[in-house]
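Geometric and topological summary
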Amino acid sequence: MAAEASILVVEDEKVISNFLRTVLAAHDYSVLHAATGSEAVSMAASYSPSLMLLDLGLPDIDGMHVLSSVRGWSDMPVIIVSARQDEYEKVAALDAGANDYVTKPFGNSELLARIRTALRQHDKMSGYRMESRFTSGGFVIDYVKRLVSVDHRDVHLTPIEYKIMVMLCRNAGKVLTHDAIIREIWGPFASDTQVLRVNMANIRRKIERNPADPQYILTEVGVGYRMTEADGD
Ligand code: CA
């Protein structure tokens, strides 16, 4: 991890923001805090933090507006902090460019893991480091040879299944919404989640030891899918 990553905590509830500041400071992040949406936008602009933790329910402007405003000029990772009843908003935020989300109440280790993943992915993107292969446990995808194997056994994927796997692996550790995957694979006007579900079931049958308890492609209920992170990350 780069030393002194700074995190902008956007949260109006004092108890939660104090908790977040304590946890983050204890893990060597420098912490900025905004209690309103407009404060968040101006602090993001003046300090350009490494990452933003964004509560969606703010007293002045909606967290979604903060997100779209920041996305107008910055690609800093944004992790949404959402309440359990905000399922729809969470998906909308991911589709509007949020990198990830945590749902209240969340544990420290979950939050810190999400932050590390988002920062690492951002570093990779800005370094334009295109890996030629991805490995996680017994799963290997070789982008150059277009080969997929599990536990040294070749896996035969259809062209669509392969495209889905490339997208998941390139974004390993990050949740991808159903809509984001469908748009990327089938184009901007596609919206059939059933076709995606069928493809995912087929992929899982081919790569998972137990498709009912997947170890590689995890389901985020009501949101989308998340590929487990690469080895060594
Ligand atoms: Ca709030």
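What counts, and where the lines are drawn
Residues numbered from 1 in each chain as written. Predicted model: local features only at pLDDT ≥ 70, side-chain atom pairs only at ≥ 80, totals over all residues. Heavy atoms only, no water. Axes fitted to C-alpha atoms, helices over the stretch in contact; angles between N-to-C directions. Helix = DSSP H or I, 4+ residues; strand = E, 2+ residues; numbered from the N terminus. Parallel < 35°, antiparallel > 145°, perpendicular 65-115°, else oblique. Contact = heavy atoms within 4.5 Å. Nonpolar A, V, L, I, M, F, W, Y, C, P; charged D, E, K, R; others polar. Buried < 20%, exposed > 50% of the residue type's maximum accessible area, 1.4 Å probe, protein only. Lys, Arg positive; Asp, Glu negative; His and termini not counted. Salt bridge = Lys/Arg side-chain N within 4 Å of Asp/Glu carboxyl O. Donors = N, O, S within 2.8 Å, 3.2 Å for Na, K, Ca; no water. Core = buried A, V, L, I, M, F, W, Y, C linked by side-chain atoms within 4.5 Å. Domains from an automatic or database assignment. Buried area = accessible area lost by both parts, 1.4 Å probe. Arc of directions from axis to C-beta. Polar contact = N/O pair within 3.5 Å; in protein donor to acceptor, adjacent residues only side chain to side chain. pLDDT = per-residue confidence, 0-100. Pairing = 2+ DSSP bridges.

At a minimum axis distance of 10 Å, the contact between helix 6 (residues 159-170) and helix 8 (residues 193-207) shows a crossing angle of 80°. Classified by the angle between their axes, helix 6 and helix 8 sit roughly perpendicular to one another. The segment helix 6 lies against helix 8, with Ile 160, Glu 161, Ile 164, Met 165 and Leu 168 engaging Leu 196, Asn 199, Met 200, Asn 202, Ile 203, Lys 206 and Ile 207. Broken down by class, the residue content of the contact of helix 6 with helix 8 amounts to eight nonpolar, two polar and two charged.

Turning to the side chain of Lys 174, a few remarks are in order. Position of Lys 174 relative to the elements: it lies in the loop between helix 6 and strand 10 (175-177). It is Asp 100 that comes nearest to the buried, bridge-free Lys 174 among opposite-charge side chains, at 8.5 Å. Not counting residues up to four positions away in its chain, the partners in contact with Lys 174 are Asn 99, Gln 121, Tyr 225, Arg 226 and Met 227.

If you walk through the whole model with that rule in mind, you get eleven salt bridges. The partner of Arg 226 in a salt bridge is Asp 100, and the shortest N-O contact between them spans 3.1 Å. Taken together, the residues Arg 226 in strand 12 (residues 224-227) and Asp 100 in strand 5 (residues 100-103) connect sequence positions 126 residues apart. For Asp 100, a relative accessible area of 3% gives the class buried. Connected through shared salt-bridge partners, Asp 100, Glu 110, Arg 114, Glu 220 and Arg 226 make up one network.

Our focus in this paragraph is the coordination of the calcium ion. The calcium ion binds to the protein through Asp 12 (OD), Asp 55 (OD) and Gly 57 (O), with metal-donor distances spanning 2.2 to 2.4 Å. Coordination of the calcium ion draws on donor residues from a single chain, spaced D-x42-D-x1-G in sequence. Of this pair, Asp 12 sits in the loop between strand 1 (6-10) and helix 1 (14-26) while Gly 57 sits in the loop between strand 3 (51-55) and helix 3 (63-71), placing them 45 residues apart in sequence. A residue is classified by how much of its surface remains accessible, and Asp 12, at 31% relative accessible area, is partly exposed.

Attention shifts here to the nonpolar core. Within the largest apolar cluster, 29 residues are counted, with the highest numbers of intra-cluster contacts made by Phe 139, Ile 141, Met 165, Ile 217 and Met 227. Of all the elements, helix 6 adds the most residues to this core, at seven residues. Apart from the residues within four sequence positions on either side, Ile 217 is in contact with Met 165, Leu 168, Met 200, Ile 203, Arg 204, Ile 207, Glu 208, Tyr 225, Arg 226 and Met 227. The next biggest cluster of nonpolar side chains, apart from the first, holds 24 residues, and it includes Leu 58, Val 78, Val 91 and Val 175.

Here we take up the domain arrangement of the chain. Domains assigned within the chain are domain 1 (6-126) and domain 2 (133-227). Computed over C-alpha atoms only, the centres of domain 1 and domain 2 are separated by 27 Å. Facing eleven residues of domain 1, the contacting portion of domain 2 comprises 14 residues. Considering only the side of domain 1, the residues that lose the most area to domain 2 are Asp 95, Tyr 101 and Gln 121, jointly responsible for 42% of the buried surface there.

With that settled, the discussion passes to helix 3. For helix 3, the complete set of buried residues consists of Gly 63, Val 66, Leu 67 and Val 70. Looking straight down helix 3, one finds that the buried residues subtend no more than 100° of arc, so they occupy a single side. For helix 3, the elements touching its buried residues are helix 2 (37-47), strand 3, strand 4 (78-82) and helix 4 (87-95). Looking at where helix 3 begins, the residue whose side-chain oxygen comes 3.1 Å from the main-chain nitrogen of Met 64 is Asp 62.

What follows covers the confidence of the model for the chain. Averaged over every residue, the pLDDT of the chain is 90; residues scoring 70 or more account for 95%. Element-level pLDDT for the chain is lowest in helix 4, with a mean of 85, against a maximum mean of 97 in strand 9 (residues 153-155).

Here we come to the sheet that holds strand 2 (residues 30-34). Read across the open sheet, the five strands follow the order 2-1-3-4-5; overall the sheet is parallel. Looking at strand neighbours, the two that pair on one side only are strand 2 and strand 5, the edges of this open sheet. Looking at each pair of strands side by side, their axes are set apart by 20° on average, direction ignored. Note: strand 4 against strand 5, four bridges, orientation parallel.

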